[in-house]
Every structure is written in structure tokens, then in C-alpha cells.
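Given next are the chains, with one letter for each unit.
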Amino acid sequence: MTDDADVLRMRWLAELRAEKAASEEEAVAAQWRAEANRLRPRRRDSRRPTRQGSRAAGVERFESALAEFLGGAAVPGDVLRIAAENWVVLVGGRLDTAREWWASGISPFDDSVWELHLKGVRPDDLGRRWQGKSLLQHFRSGVPAERCAELALRLRLGGVPKSA
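Only a predicted model underlies this, so the values are computations on that prediction, with no experimental measurement involved.

Analysis parameters
- Residues numbered from 1 in each chain as written.
- Predicted model: local features only at pLDDT ≥ 70, side-chain atom pairs only at ≥ 80, totals over all residues.
- Heavy atoms only, no water.
- Helix = DSSP H or I, 4+ residues; strand = E, 2+ residues; numbered from the N terminus.
- Buried < 20%, exposed > 50% of the residue type's maximum accessible area, 1.4 Å probe, protein only.
- Contact = heavy atoms within 4.5 Å.
- Core = buried A, V, L, I, M, F, W, Y, C linked by side-chain atoms within 4.5 Å.
- Expected span 1.5 Å × (residues − 1).
- Arc of directions from axis to C-beta.
- Phe/Tyr/Trp six-rings, centres within 6.5 Å; stacked < 30°, edge-to-face > 60°.
- Polar contact = N/O pair within 3.5 Å; in protein donor to acceptor, adjacent residues only side chain to side chain.
- Salt bridge = Lys/Arg side-chain N within 4 Å of Asp/Glu carboxyl O.

## Describing the side chain of Ser 134
- You can see Ser 134 is positioned in strand E2 (residues 133–134).
- Judged by its relative accessible area of 9%, Ser 134 is buried.
- Discounting residues that sit within four places of it in the chain, Ser 134 has contacts with Leu 126, Gly 127, Arg 128 and Arg 129.

## A short note on the nonpolar core
- Counting residues in each nonpolar core, the largest one holds 31 residues, and the members touching the most others are Phe 62, Trp 87, Trp 101, Trp 102, Ile 106 and Leu 116.
- Counting only elements with at least two residues in this core, the list comes to helix H2 (51–70), helix H3 (77–90), helix H4 (95–103), helix H5 (113–118), helix H6 (135–140) and helix H7 (145–156).
- With residues near it in sequence (within four places) discarded, Trp 87 still touches Phe 62, Gly 92, Ala 98, Trp 101, Trp 102, Ile 106, Ser 107, Pro 108 and Val 113.

## Observations regarding H3
- Compared with an ideal rise of 1.5 Å per residue, which puts 14 residues at 20 Å, H3 spans 20 Å between its outermost C-alpha atoms and is within 8% of the ideal.
- Along H3, the residues classified as buried are Leu 80, Ala 83, Ala 84, Trp 87, Val 88 and Leu 90. All buried residues of H3 project into a common sector of 160° when viewed along the axis, lining one side.
- Of the residues one or two after H3, Gly 92 is the one with positive phi, at around 65°.

## Thoughts on the packing of aromatic side chains
- Counting across every chain of the model gives 2 aromatic pairs.
- With a centroid separation of 5.4 Å and 45° between ring planes, the pair formed by Phe 69 and Trp 102 is classed as tilted. With Phe 69 in helix H2 and Trp 102 in helix H4, this residue pair connects regions lying 33 residues apart in the sequence.
- Pairwise contacts between aromatic rings join Phe 69, Trp 87 and Trp 102 into one cluster.

## Considerations on unusual backbone geometry
- The backbone of Gln 131 shows a phi angle near 50°, a positive value even though the residue is not glycine.
- Counting through the fold element by element, Gln 131 comes out in the loop between strand E1 (129–130) and E2.
- A relative accessible area of 54% means that Gln 131 is categorised as exposed.

## What to know about the side chain of Glu 63
- Mapped onto the elements of the fold, Glu 63 is located in helix H2.
- Since its relative accessible area comes to 18%, Glu 63 is described here as buried.
- A distance of 2.4 Å separates polar atoms of two side chains, one belonging to Glu 63 and the other to Arg 81.
- When neighbours within four sequence positions are excluded, Glu 63 is seen to be in contact with Gly 77, Leu 80, Arg 81 and Ala 84.

## Focus on the pattern of salt bridges
- Overall, the coordinates contain 10 salt bridges when judged by the stated rule.
- With a closest N to O distance of 2.4 Å, Arg 81 and Glu 63 form a salt bridge. Placement of the pair is Arg 81 in helix H3 and Glu 63 in helix H2, with a sequence separation of 18 residues.
- Residue class for Arg 81 comes out partly exposed when judged on its relative accessible area of 28%.
- Salt-bridge contacts for Glu 150 lead to Arg 147; the nearest nitrogen and oxygen are separated by 2.6 Å. One end of the pair, Glu 150, and the other, Arg 147, are both in helix H7, 3 residues apart, so they sit about a helical turn from each other.

Structure below.
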């Protein structure tokens, strides 16, 4: 009889261990599913434009504006597309700001505008004059973007910058 009781107890303990292991496995699986659901991109309403869709539309607008700005100059389509994508990022999709940069003398294909923009120089600063040259001329002659930003701020505030 002791053997039967031991066998029953062993079966019962084995079943308990199996149930515990299964519940632990289920808990881990539930955590994984929750994490996967959290990381999975949410479905959007198909009537609302996606960020990628609106960015593509922005790039197309910039391509058209660049073509207009260039006045029909022959520029390969892929070069025009890359320039448009860069400008969308640079000015945050604001075509009017891009046009201000272009009107101030920055070419749509000039990568140096990134340095100036990141240092806080605005399009209207590029025409400000100091020592007989515009800020843009100073920048193109080799004055670092940091110094141009400092000059721009001082000229904006009406101060006279120290000599470069």
C-alpha cells in the first residue's frame, strides 16, 4: 500500500510540476506577445495620409519648386530628387523657408547650408553686411559656420562684431 501511495504522490507531484511549468511558459509567452504588440506598428485609418505618404508629397512639391527655380536647366531626375529630399528635411517641409534660402543666394545643391542652418543662421542673415562683404561672402571665403553664426547674431542685434 505504501508503494501505491508513493506512486500516486509521485504522479501528483509530476502533474503539479507540469502545470507549474506550463503556467510559467504561458506567462513568458504572454509577456513576449505583449512586447511584440507594443512594438508592432499601429494600423492607421486608410483615409488619413501616412507620414511617409505626406513626405513623398512634400518631396514632389520640392522637386517642382526646384525645377521652377532652375528655370528649365537640365538636371538629372535622381539628382533633383536627392536635393528635394534633403531640402524637405532641412527646412522641415516648409517650402517658403526653402525659397528664402534660395533667394538669399544658397543654391539648392549647396550642402554647406546644413552647417549654417544647424548653427542658427537664418536666410535673412546671409545678406547682412560686415566689413564690406555679406555674411554669405564671408562664409564662402572660408569663415567657419560657427563664426558666421556669431556674426549673424551680433548683426541681428545691432552690435558691431569684433574683427574676424
